[in-house]
Amino acid sequence: MEEFQRPPEAPVFEPSEEEFADPIAYITAIKPIAEKTGICKIRPPPNWQPPFALDVDSFQFSTRIQQLNELEARSRVKLNFLDAMARFWELQGTHLKVPIVDKCNLDLHKLHKVVHEEGGFDKICTEKRWSYISRKMGYDPTHSHASVGSLLRSHYEKTILPYDLFVQRTVQKVQQDVLVEPRSCASDPDFKVRKSKRCQGESAKVCVSDDTMEMKKLLFKSPGPKMSQNGARATAPETRASKDEHHRVVPDIETIYCLMCRGGDAEEYLLLCDGCNAAYHTFCLIPPLVVIPVSEWLCPDCLAKECHIMQDEVFGFEQNEKLYTLESFGQMADRFKADYFNRPPHLVPVDEVEKTFWRLVTSLDDEVIVEYGADIHTALHGSGFPWKDRILSPEHEVYSKSPWNLNNLPNLPNSVLSQINVNISGMKVPWMYVGMCFSCFCWHIEDHWTYSINYLHWGEPKTWYGVPGGYAEEFEKVMKRTAPELFQGQPDLLHQLVTLLSPTVLMENDIPVVRTDQHAGEFMVTFPRAYHAGFNQGFNLAEAVNFAPADWLSFGRHCVENYKHLKRHSVFSHEELLCRMAATVENIDPEIAVKTAEELGVVLEQERTQRDQLKRKGIAFSEHESFELIPDDGRVCCVCNSTCFLSAVTSPAKPGKLVCLEHAENLCSGHWMDCCLRYRYTLEEMKSLKTYAERRSQKYLTWKESVESALDASPERRPRIDDLRELIGQASVYNLHCPDLIIEMQEAVVEADRCLTAIQRLIGRKRRKKMKAPVVTLEDLKEFVVQLENLACEIPEGQAVKDLIADVEDFKSQVDSALSQEAPNVELLQCLLADGNALNLPLAELDLLETELKLGQWLNDINVMFDSGEPIGVDTVEALLREATTISSHPGVSKAVVKLREILELSRGWESKAHAALQMKPYADASHFEALLQEAAQLPTQLPAVSLLKGALAKADRWVQEATRLQELKRHPWLLELEGLMTRGRSIPVLLKDMAHIESNLNAAKSWRDRVSKLFLKKNSVWNCLLEVLLPRVSVELDVRSRKQRDQIQWERIVGDGSRDVKEEIAQVVDAEATEWEEMKQFRERNHARRRSCDLTLTTVSHFDDLRQPFCVCKRNASPNMMECQLCKDWFHKKCVLASHSRGQSKLVDQAKFLCGGCVRSRRPKLDVVDVLVLNLEKFPLLMPEAIALQRLASRATEWQQRARQALALAKESLIRLAKESEQPVIDSGQKDSSCEKAETEGCDQTRMDETETDRTGESEVDVETVSPLSTDEMAQPAKLRDDLRAELEELMFEGDLLEVTLAETQQIWELLQSGHVKDKDSAFQSLLIGDERADLLVAAENSRKRRRSDSDTKKRRKRRLKKEPSPDLDNEDVDDDDDDDDHCAAFECLMPASEEVQWIQCDRCHQWYHFACVELTKEEAQALDTYVCSNCSCNIPV
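The residue numbering used here restarts from 1 in each chain and proceeds along that chain's sequence as written. Local features in a predicted model are, by the rule used here, given only for residues with pLDDT of at least 70; side-chain atom pairs are given and counted only at 80 or more, and totals for whole chains, interfaces and linings are based on all residues. Remark: hydrogens and water are excluded; side-chain values derive from all non-hydrogen atoms of the structure.

1. With respect to the pattern of salt bridges
Let me state the cut-off plainly: The term salt bridge refers to a pairing of a side-chain nitrogen on Lys or Arg with a carboxyl oxygen on Asp or Glu at a separation within 4 Å. Put simply, DSSP H or I for four residues or longer makes a helix, DSSP E for two residues or longer makes a strand, and each gets a number counted from the N terminus. Burial here depends on accessible area, computed with a 1.4 Å probe over protein chains only, as a share of the maximum for the residue type. Under 20% is buried, over 50% is exposed, and the range in between is partly exposed.
Tallied over the full model, the rule gives 52 salt bridges. Residues K136 and E117 are paired through a salt bridge, measuring 3.8 Å at the closest nitrogen-oxygen approach. Of this pair, K136 sits in helix α5 (residues 130–136) while E117 sits in helix α3 (residues 108–117), and the two are 19 residues apart along the sequence. For K136, a relative accessible area of 33% corresponds to the partly exposed category. According to the relative accessible area criterion, E117 is partly exposed, its value standing at 48%. One continuous salt-bridge network, built from bridges that share partners, spans R6, E9, D351, E354, R515 and D517.

2. Quick look at the packing of aromatic side chains
Quick note on the threshold: Between 30 and 60 degrees the pair is tilted, below 30 it is stacked and above 60 it is edge-to-face, where a pair is any two Phe, Tyr or Trp rings, Trp via its six-membered ring, whose centres lie within 6.5 Å. Distance and angle both matter: a charge sits over a ring if NZ of Lys or CZ of Arg is within 6 Å of the ring centre and within 35 degrees of the ring normal.
This structure, assessed with the given rule, holds 39 aromatic pairs. Both rings, one in W130 and one in Y156, keep their centres 6.2 Å apart while their planes meet at 50 degrees; by these two values the pair is tilted. Linking W130 in helix α5 with Y156 in helix α6 (residues 145–175), this pair joins segments that are 26 residues apart in sequence. Comparing W130 with Y156 shows no difference in burial state: the two are buried. Clustering of aromatic rings is evident, with ring pairs tying together F4, F336, Y340, F341, F357, W358, F438, Y465 and F535. Positioned above the aromatic ring of Y563, the side-chain terminus of R568 is 5.2 Å from the ring centre. The cationic tip of R680 hangs over the ring face of Y681; the distance from NZ or CZ to the ring centre is 4.5 Å.

3. Topic: the sheet that holds strand β19 (residues 647–650)
To keep it simple, the criterion reads: Only strands that DSSP links by at least two bridges are regarded as paired with each other.
Taken in spatial order, the 4 strands make up an open sheet running β18-β21-β19-β20, and their pairing is mixed. The open sheet has two edge strands with one neighbour each: β18 (621–624) and β20 (658–659). Relative to strand β21 (residues 676–679), β18 runs parallel, the two being bridged by 4 bridges. Paired with H624 across the two strands is Y679, which belongs to β21.

4. Quick word on the sheet that holds strand β14 (residues 514–518)
Sheets are built from strands that pair by backbone hydrogen bonding, the pairs being arranged parallel or antiparallel. Note the following rule: Axes here refer to lines fitted to C-alpha atoms; in helices the fit is confined to the stretch in contact. Angles between the N-to-C directions go from 0 to 180 degrees.
Overall, antiparallel pairing links the 4 strands, which are arranged β11-β16-β13-β14 in an open sheet. Each of the sheet's edge strands pairs with one partner strand only, and the pair in question is β11 (440–444) and β14. Looking at each pair of strands side by side, their axes are set apart by 15 degrees on average, direction ignored. Note that β11 and strand β16 (residues 532–536) share 3 bridges and pair antiparallel. Residue pairing in the sheet places F441 in a bridge with G534 of β16.

Below is the structure:
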């Protein structure tokens, strides 16, 4: 198998948008180049991208089935040969088996062809040339050729020679229709003789003709058992019965005889033909049959006829009955390619697909079948291009009118096919082609040798091969020489598009072949009579159509003559087309009109010559016939199948038949007088038609001559530009379409306009400064004058350019003189520059003048600056130095630059020292700054850092003045004033003496304020401002959770901005305290009012959900177990109060006095701690709002404490007196004092704990006063206080609760009030809400006292800290009531274990009980612990 050689690439053209406007004109323009290769590729401009307009949903098509190795000419010849030989052996009762030689299948066709080329089997055997045959077959010469040659001879003799002899003997008889009909024995005159011989028992002799030695030897070389040379035959097999014995009549054995030997004996060897019932002896056959065939058997005559029928079969593609959509076909195509190459389709290289295709085409072993959706009619299925007759979008409408739209291109005015009135499918109406990998189109030329154009809409590339039209005949000869067997039965094989031949074979036979890959969006154009073929690289869709420019008419005439020789039908009548165009010559393209006149002249001469010949032969009758009214099938020449139009000949002897004038001899031979000449036009009418066409073409030719003479005129006789414009206008008026000349004239006019524009720019425009234009030299102007003289037309304005050249030469001489001076003359240079700008030319001398002028101006500026004696700016010096680098060199420039650099270095050195002084740490003294300023005064430059130094000194002076003013005030300065002073001082880069002392005082004051904040403020509390806590409340009704947005500014409105006197500030605080008092009173009254309204509803409602009054921080209705704040008298849900504390805390339930989070804003430290902080204020010589507020709070608390102690003393005396009168036990003052001291001590401890511990909750805080409640017996018998004392104590307790400090007297007053408390009118509702909670609180208080026992008691209790949950079986009455409080697990998420034995453990710090399971402890771990602290206490959560 030969190696595929890739042909060279076809030319590729990329037209501009202007060239792309007219497709036929552009193709005509590129024809001289592209016609040499037969095909070319055209890439449209990038912006030409037509949409795919086919309706893919409804589009369905059928395909052609292509077996690749049947397409190549040589492969098909081999396959036909093998099929015929296989059929031959099959009809002989055996199967063809291809022999194996040198581990490969033997090429039987090549062996047969080589043997015949070398003289035949007998000659090769005689000359013993089988070794030569083996070498010619391509077998390895290193092998033993003798053995290979012997094998080839043996295989040829056994396999090919019988078929070869059979063909030589019988095919000729079949072609001459000399078929030997089977004869019966009864009709044979010699029957009796042969019968008598047989009856006498004489042996019949085998009759073998003596034609060749091969036929004699076939007795021993046929397949199967061999016969002896002496005539003794092997045991005769049984005579087989016919396989169709039930369907055909078998003649009587007595009437049958062998058609070869004419003998009727040896009936057991007689074999009947399954085709004609003829009888043959098995040993009389050539070759003789030893084994009776089991299948169908045909005699030699029937076999010859069958083989002839096989040869007459016309090869073509089988049409697939399945309908595909684009989606289904694409899936099949991609799957096929991916499976074949074992990779994604788009990753297969084009070269690999190409080589694989030609390997498969030429291989007999690889059978690959593909499908090709070819010749799909767009008139039925739709086109890929948008159509004009449909509703389209604006984008589609543009492409529907495009001349490159294949639906429009054949019908363009400069296409001859536009003159054909009918839509010829495939020529005027495009066809679509849906391809897959390896699907191909075979070698062919277009109908009537027209041009064709193919557009690939989308998909993978399509590979093309082309042969120039001038090599068409040589191409056909190579094809016929390569596969003559194919052309014997099909002379027009190349018109059937079913045969391929490798480009390698064509190039080896000196046929030029080119190739190219057509990608999506590209056009392929084929030229007249250019053979082309190709295949698809993968799934794609293309569309193709034919067109015919004016130069095609001569090709079309030659094509009709070729069709007559091949007896091929024409698609349309070429003569009819010429006559129609000549009749309407005014409406057709002028180039087509010229060609029409020329071709009509040639046809007229042929017609005149043929008609004269017929007259001389004797045809006397003639009759007019309108051939265009007769269908094409009715006016076809019965000899050459051409379509008649100008004339035809008919004969009454053969009615219904006509012939063209060229083949009149075939119809009228012998009876010319009876024949009739039928004509469409007389010769005079044809001449008039030709003259009319020539007049139209002459007008065009005259115009064309004028254009050509104008374009080729000499410089002295050049036309004006207006003359060319007039000729272009005539082309439009007369509808003269000559694209080459028009384009050439338009280019000449455009070039002249461009030169005219350049002249106007040179003469009349103003030169812009700094315009980036090319430098125009004198040489350029001279070349421009030469260009003007070479134009195709004359431009009068060219004289102005010549005048300008003279002015430029004069200007250049003046510039040279000015530039030669030693020192630049600024005034002269400015004048010359003005004159140069007046020339309106970007001359190079202008740049030289500007450079020299810049040099002179720079030197002048330097001299003026040094002579003035004024300070020079550093920026000015740097700018002069930078400018010096851009000007030309000069001695004066060098001197000035040295001086400027010296000044610049001194200035930069001082600047660096100044900036270092400004950035010095610690800051420099003011004297250092003053020394730098004195140094700067000695320099001749203006230094930027001078202003910085002076500004720093001025700021320092102002700061010192401000500090002195604050020290001289009658009062201490405010903290804010000193902070502002310090902020300003830190930004001054000068050493300030008093700044360290002020900063020390500020830090001490801030440290004091931080200690106060840490003492009062609680972390993560909404009360996050110290002033907000120390000062009276602004509004007591605001809810705690709504105060998150308040800041210090609201509170400073009470203390002012620090501009007032301290006494005024304190007065403001006192007023705020009174306001707080009143608002809290009113708030308590409103809460009492709400409670009273609830009491009224208790008589009418049965559930708490019916009480619609909102309480608590959650603003929900009342519920059981409500808690009352002792200050604001508001109610809170117990669960809400517990939720506001840390998890696991239930101490609130154990307390009797409750203050809500809105009333307790701080940690409330002890008063003595606050007094210590107040005393520390004397160390600070400044004022702070927080200090004033704290002093006022401490003063207020001290005053209240004194009043509270007096009231408690009076209450004690009153209670003693009442006790004596009623003889009731009185609370021992010693005990009370000790309890008070104890409470006070615990309060101190709590305060210290608050100072060190972190409050983790961010919700509202709740304070519960630490109390020492009275015993149950004392509470059971309360003493009654006087009403005035009770009122005074309640007032004091109210005022004390408002204070943000811890005072023991508040607890004592509350205990006293509780011990002498009498139920008021709210008791009913309180009992209803709380129930037995009072008793629980008392028990809890007792338990709290028990937990404060001595260390010894605590150790004993730790031994008992483990307890068990009472069994569910025990009676609840046996459980001690004192343990009810401990039965509650304090874990945040109690697991509520339920079993017979539940283990508990108690925290040694908070004394809360926990389940083992809730704190993840086992019994063994708990017993091993000496002390246990819960997670809340271990995290320092306050309890």
